[in-house]
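Here are the chains, one letter per residue:
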Amino acid sequence: MLRRRLNRLLGGDERRVDSRTIYIGQRQGSASEAFIPPKFCDNRIVSSKYTVWNFLPKNLFEQFRRIANFYFLIIFLVQVIVDTPTSPVTSGLPLFFVITVTAIKQGYEDWLRHKADNEVNKYLVTVLEDSRRIRKESEKIKVGDVVEVKEDETFPCDLILLQSSRDDDTCFITTASLDGESNHKTHYTVPDAEKDLESLTATIECEQPQPDLYKFVGRMHIYKSNHEPAVRSLGPENLLLKGATLKNTEKICGVAVYTGMETKMALNYQGKSQKRSAVEKSINAFLLVYLCILVSKALVCTTLKYVWQSKPGQDEPWYNEKTQREKDTNLYLKMFTDFLSFMVLFNFIIPVSMYVTVEMQKFLGSFFITWDKDFFDPEIQEGALVNTSDLNEELGQVEYVFTDKTGTLTQNNMEFKECCIDGFQYKYSETSSELDGFCVTDGPVSKLQQKAGREKEELFLRALCLCHTVQVKESTEQDQVQGEGLIDQVDGLGVDGEVLHPLKEQSGFIASSPDEVALVKGAMRYGFTFLGLESKTMKILNRNNDVEMYDLLHVLNFDPVRRRMSVIVRSISGDTLLFCKGADSSIFPRVRQEEVERIRMHVERNATEGYRTLCVAYKRLSAEEYAQADAGLREARLALQDREEKLMAVYNQVETGMSLIGATAVEDRLQEEAAETTEALQGAGIKVWVLTGDKMETAKSTCYACRLFQRSTELLELTVRTLEDGTKRREERLHELLLEYHKKAVQDAPPVKAGVTRNWSSANYGFIIDGATLSMVLSSSSESNSSHYKNLFLQICQNCTSVLCCRMAPLQKAQIVKMVKNSKGSPITLSIGDGANDVSMILEAHVGIGIKGKEGRQAVRNSDYAIPKLKHLKKLLLAHGHLYYVRIAHLVQYFFYKNLCFILPQFLYQFFCGYSQQPLYDAAYLTMYNICFTSMPILAYSLLEQHVCIEILLDNATLYREIAKNAMLRWRPFLYWTLLGVFHGLLFFFGVRYLFSNPALQDNGQVFGNWSYGTIVFTVLVFTVTLKLALDTRHWTWINHFVIWGSLAFYVFFSFFWGGIIWPFLKQQRLYFVFANMLSSVSAWLVIILLILLSLLPEILLVVFRRPCGPHAQQTAAVTPISCKRLMERE
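Because the structure is predicted, anything quoted here is derived from the model rather than measured.

Student: Can you walk me through the packing of helix H3 (residues 67-81) against helix H7 (residues 278-309) in this structure?
Tutor: Packed helices, taken two at a time, are described by the angle between their axes plus the distance between the axes. Across the interface, H3 lies against H7 with an axial gap of 10 Å and an inter-helix angle of 30°. Classified by the interaxial angle, the pair formed by H3 and H7 is roughly parallel. Residues Ile67, Ala68 and Tyr71 of H3 form the contact with H7, whose own contacting residues are Asn284, Leu287, Leu288, Leu291 and Leu294. Taken together, the residues that form the contact of H3 with H7 break down as seven nonpolar, one polar and no charged.

Student: Would you take a moment to explain the packing of aromatic side chains for this structure?
Tutor: A ring pair, where both rings are aromatic, is described by two values, the distance of the centres and the angle of the planes. For the coordinates displayed, the defined rule picks out 46 aromatic pairs. Ring centres 6.0 Å apart and planes at 45° place the aromatic pair Tyr894 and Tyr897 in the tilted group. Placement of the pair is Tyr894 and Tyr897 together in helix H27 (residues 872-910), with a separation of three residues, close to one helical turn. In this pair, the class of Tyr894 matches that of Tyr897, namely buried. Of the aromatic side chains, those joined through ring pairs into one cluster are Phe902, Tyr921, Tyr925, Tyr929, Phe933, Phe1018, Phe1050, Tyr1051 and Phe1054.

Student: Looking at this structure, I do not really get a nonpolar patch on the surface. What am I missing?
Tutor: Together, Phe97, Met360, Phe363, Leu364, Phe367 and Trp371 make up a nonpolar patch on the protein surface, roughly 570 Å² of accessible area in all. Considering each element in turn, the nonpolar patch owes the most residues, five residues, to helix H10 (residues 352-371). Structurally, the position occupied by Phe367 is in helix H10.

Student: Whenever I open this one, the sheet that holds strand E9 (residues 218-223) confuses me. Can you help?
Tutor: The pairing of strands in a sheet comes from backbone hydrogen bonds and takes either a parallel or an antiparallel form. One open sheet accounts for four strands, arranged E1-E8-E9-E10; its pairing is antiparallel. Two strands bound the open sheet, and with one partner strand each, they are strand E1 (19-23) and strand E10 (230-234). Strand-to-strand, the axes of this sheet are offset by a mean angle of 20°, without reference to chain direction. The pairing of strand E8 (residues 201-207) with E9 spans six bridges and is antiparallel. Across the sheet, Cys206 pairs through a bridge with Gly218, a residue of E9.

Student: Looking at this structure, I do not really get the environment of Asn966. What am I missing?
Tutor: Turning to its location among the elements, Asn966 is positioned in the loop between helix H30 (950-955) and helix H31 (971-995). Asn966 gets classed as buried once you look at its relative accessible area, which sits at 14%. Measuring from C-alpha to C-alpha, the distance between Asn966 and Tyr885 comes to 8.6 Å, with 81 residues separating the pair along the chain. Those residues within four positions of Asn966 in sequence are excluded, and the remaining contacts are Ala278, Ser282, Gln397 and Tyr885.

Student: Sorry if this is basic, but what is going on with H27 here?
Tutor: Given 3.6 residues per helical turn, the α-helix brings residues three or four places apart onto the same face. When the terminal C-alpha atoms of H27 are compared, their 56 Å separation across 39 residues agrees well with the 57 Å that a helix rising 1.5 Å per residue should span. The sharpest bend along H27 reaches about 30° and sits at Gly881. For H27, the buried fraction is high: 38 of the 39 residues fall into the buried class.

Student: Got a minute to help me understand unusual backbone geometry in this structure?
Tutor: Of note, Asn248 is a non-glycine position whose phi angle comes to about 50°, a positive value. Inspection of the secondary structure assignment puts Asn248 in the loop between strand E12 (245-247) and strand E13 (251-258). By relative accessible area, which is 8% here, Asn248 ends up buried. Positive phi, normally seen in glycine, also occurs at Lys965, with a value near 55°. In this fold, Lys965 is placed in the loop between H30 and H31.

Student: Explain the sheet that holds strand E30 (residues 687-691) to me, please; I cannot follow it from the model alone.
Tutor: The strand order across the open sheet built from nine strands is E14-E36-E35-E34-E15-E30-E33-E32-E31, with neighbouring strands paired in mixed fashion. Sheet topology places strand E14 (385-386) and strand E31 (714-718) at the edges, where each strand pairs with a single neighbour. As defined by bridge partners, strand E34 (residues 829-833) adjoins strand E35 (residues 847-851) across four bridges and the pair is classed as parallel. Across the sheet, the residue bridging to Leu830 is Val847, located in E35. Sheet contacts for helix H22 (residues 771-778): E31, strand E32 (765-770) and strand E33 (802-806); angle to E32, the most-contacted strand, approximately 90°. Running at roughly 155° to E30, helix H24 (residues 810-821) makes contact with strand E15 (400-403), E30, E33 and E34 of the sheet.

Student: When you look at the side chain of Thr102 in this model, what are you seeing that I'm missing?
Tutor: In this fold, Thr102 is placed in helix H4 (residues 89-121). Accessibility expressed as a relative area gives 2% for Thr102, which makes it buried. Residues within four places of Thr102 in sequence aside, it is in contact with Gln63 and Glu359.

Student: Mind showing me how you'd approach the pattern of salt bridges here?
Tutor: Per the stated rule, a full pass over the model turns up 47 salt bridges. One salt bridge in this structure joins Arg605 and Glu418, with 3.3 Å as the shortest N-O distance. Of this pair, Arg605 sits in helix H15 (residues 593-608) while Glu418 sits in strand E16 (residues 410-421); the two residues are 187 residues apart in sequence, bridging distant segments of the chain. The class of Arg605 is partly exposed, set by a relative accessible area of 26%. Residues Glu672 and Lys869 are paired through a salt bridge, measuring 3.3 Å at the closest nitrogen-oxygen approach. Remark: Lys869 occurs in the loop between strand E36 (865-867) and H27 and Glu672 occurs in the loop between strand E29 (659-670) and helix H18 (674-683); sequence separation between them is 197 residues. Each of Asp377, Glu379, Glu672, Lys869 and Lys871 takes part in a single network of salt bridges with overlapping partners.

Cut-offs and rules
Residues numbered from 1 in each chain as written. Predicted model: local features only at pLDDT ≥ 70, side-chain atom pairs only at ≥ 80, totals over all residues. Heavy atoms only, no water. Axes fitted to C-alpha atoms, helices over the stretch in contact; angles between N-to-C directions. Helix = DSSP H or I, 4+ residues; strand = E, 2+ residues; numbered from the N terminus. Parallel < 35°, antiparallel > 145°, perpendicular 65-115°, else oblique. Contact = heavy atoms within 4.5 Å. Nonpolar A, V, L, I, M, F, W, Y, C, P; charged D, E, K, R; others polar. Phe/Tyr/Trp six-rings, centres within 6.5 Å; stacked < 30°, edge-to-face > 60°. Buried < 20%, exposed > 50% of the residue type's maximum accessible area, 1.4 Å probe, protein only. Patch = residues over 30% accessible without salt bridge, like charges linked within 9 Å, V, L, I, M, F, W, Y side chains within 5 Å. Areas by Shrake-Rupley, 256 points an atom, 1.4 Å probe, with all protein chains shown as cover. Salt bridge = Lys/Arg side-chain N within 4 Å of Asp/Glu carboxyl O. Pairing = 2+ DSSP bridges. Expected span 1.5 Å × (residues − 1). Bend = angle between axes of the 7 residues up to and from the residue.

Printed below as a string of structure tokens:
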């Protein structure tokens, strides 16, 4: 597997053999050929990152890539090797704690991935070997094995279909977990393959694995004794993909052609890489600044030490003569060790404990998402799930949301709404008091009860019953036992109001498109029931309960360029009819123009209501017309070259001069609150792109329904249809359109005012592109063209309010996300989807969200967060994301600030102690400052703070913009916190020094020593930084009170305790009774209280006198969650 990946990276794939030969059932093809069993990869799926053997080295390597971890490792080694003023324990212990906590967390997450892999790999499948059915684990399937799959089972690898239990040698599958389409697709067995698989001797030659789901080229050589081998071509219609599910077919047998990591599903996965949040990048940048401050401090002290010692008598005073060894030491070596000693003394300016606190904040904070009751879905009895807690704050920085359509924006549940026959609108009513179950609403009042003629009505309903590819699903005994509640039926109303009971033997329809089923069910409501297709004969039950029979002669399949489908049928009376249904734009030009105006109004109104509209037309074919069409179609279907173009020409020739009968409106139900959610996201300044494998019309109507496209939105379309210009090459036309759209959307667009996103600007454009055109944009023939196209495309997209990408392969979805992610400004991206076809984009985006939908759990397993419904995304981003970001940004800035306050007095002290590396604080204080005295209040703040009430955050989506683009971790706020730290550090040191200018601070005239000096500075420091956090806290809980006042009480208790006992394990006890002695002085009390007040005074004045600015500042500054709650209660 590693070799294959290296090959792919180094371009070695081109030099490999471009086809593989597979021996069915591991049996040799012909006796004359030498049999060399080929080697292929096994059927194991691997999504985990570590193994038992590489966990330790790989995890340590990843952790020490962090600047702070690597830096502390170096400091620890320096403390061990060089004689430094502080013990190695002071930096070694916190580092060990950080590494261990992180390793346990990442190890646990990977164990969950291993567990999920094992579920797939240990799944039992049936393999046919030597006339026996053997149950094997899925991972043990080899290429060439014949595998048996039963209904509703998932294919364990990519198979070529050899045998089906259906009489017509077909099988039905759903590929919802691959491309998001939950409709049924028909696949075919290899023609002329023997029914008895044991006696089948054949080889398959096919292409090497490649990720395109819709392409497959191969051929099968069937060997029969005393005959030339028969060769049959293989295409995508013979290939069953891993991850697809068998439907409406009892069982099939297929031969494995691609296994494990070579299946198309696995090739469409992106590798799971370590995702890093933008906050972590900011932390690293700030660390470098503080590292520079640290090095410059050490350099200044080292230089001044040697300048001071160069004065006579200073280097070697009479009371402190040097030993011979000290005199012999090299000067430069001594300077270097002094520099390292200063580095170790000041190294506390780099907060290692910040990493522990950040890890704990992320880990514990993620439980708030899991516990949130608003995310609980009663339907599936589950709430939200957090797979990666490293990205909580990234939820507050999202600029682009890439969403799947099927199952994410929509429920994939089509419902027939209304129809229009010959210009009259028919709205189905549930009550039979309306005329014939119809509610005729259009037209003047005098014509209210008028309808189209009965003949027209029946013709229209026959068209709905015949023009489709729907199959009737036979009910099984199991279905009948399950009872009426599960029968997938709609009761129809007869013409005289009597109820037509569902046919007992029928348990539902299956089709290649869910709206085809909706239309057939719509016809059932009006009394026309489709009974099924039996050996090319379609049966219909009409309003009079008579069965009508039609011979199905040809199906002219739907395709995205024609945007219509037709059937040619022959009635019992011998009439040959063509029924056609399709998009209005493709039907209107092919019918009589006087018929169009009557129906256009209905179609346009339905489209603006967000319904999917289709127009229905018909044509009677004379015997000559049919004979000509039949001959043309047969000839085109046998062509090996340009087959599609030849078929298209015949289709276009037949589908002309039709009569328009009417139009239908079908609703694809949106997920609940889908439109409100997308509107809130756009209000928050987030751009929403829809990436789907579905058809353009379907996706477009969903975008209108979700309010991503408004009625005023001008759509810029870049699809295969718009590139079809007979006079120009496709690439020329692509370039022309890109330049035209760029001029419209980018060059001519009005400039955007600061603080206003383009969503609300006057120019309102929507952009539509399909997979085929995207391939042309991303992989143009010349390299320079490709990057030029890409830049134009990206600029157009970024200037549009919404973008729709349809007919996307899973890997193309990931390419789009990657392109935006790597664009100028590196915007934060979020992908959300519910199927395996969304896994690639979920892994590619900064934040991946899986929806616990109907399409399996691959998306959930590979996501960072999983939620039951799309509507939950609003709260996840606007409330949780916003709060997490504000909390962690404050945590980071506060940590740097409190450590600068801590170390600056230590640096200033060197100027007064002859640069002798004398510590100002005791070793216990040095070690415990970050671990015990100041760590808990900020951890509690970073978990519980709500600077704005959650209800207000959800109501005012625009508040999300105020923290956009990492606003709280930019250089300006960083500079403010750094200057505040410098101000406090100077005040602490020189304030206490001013006190010490009067030496007699005690009643008995005794003077305080240097440890008393350090202890007073430390006491002021601990109280000031803790009370500063108390001033910043807007949302007080009992936990905040407990940790803030508890930390201060603990410091006082510890200082008494540490100095009040003689500790046997200490060589020297510097603080023996220092703290108690210090508090006996009134002057010390006065200076401590005064310095704390002076330090916090500017902050207090700022809070009191600062006027709120901006539209939401009043809420941000003044509303606490408690006052918000009271406000809402009052309302």
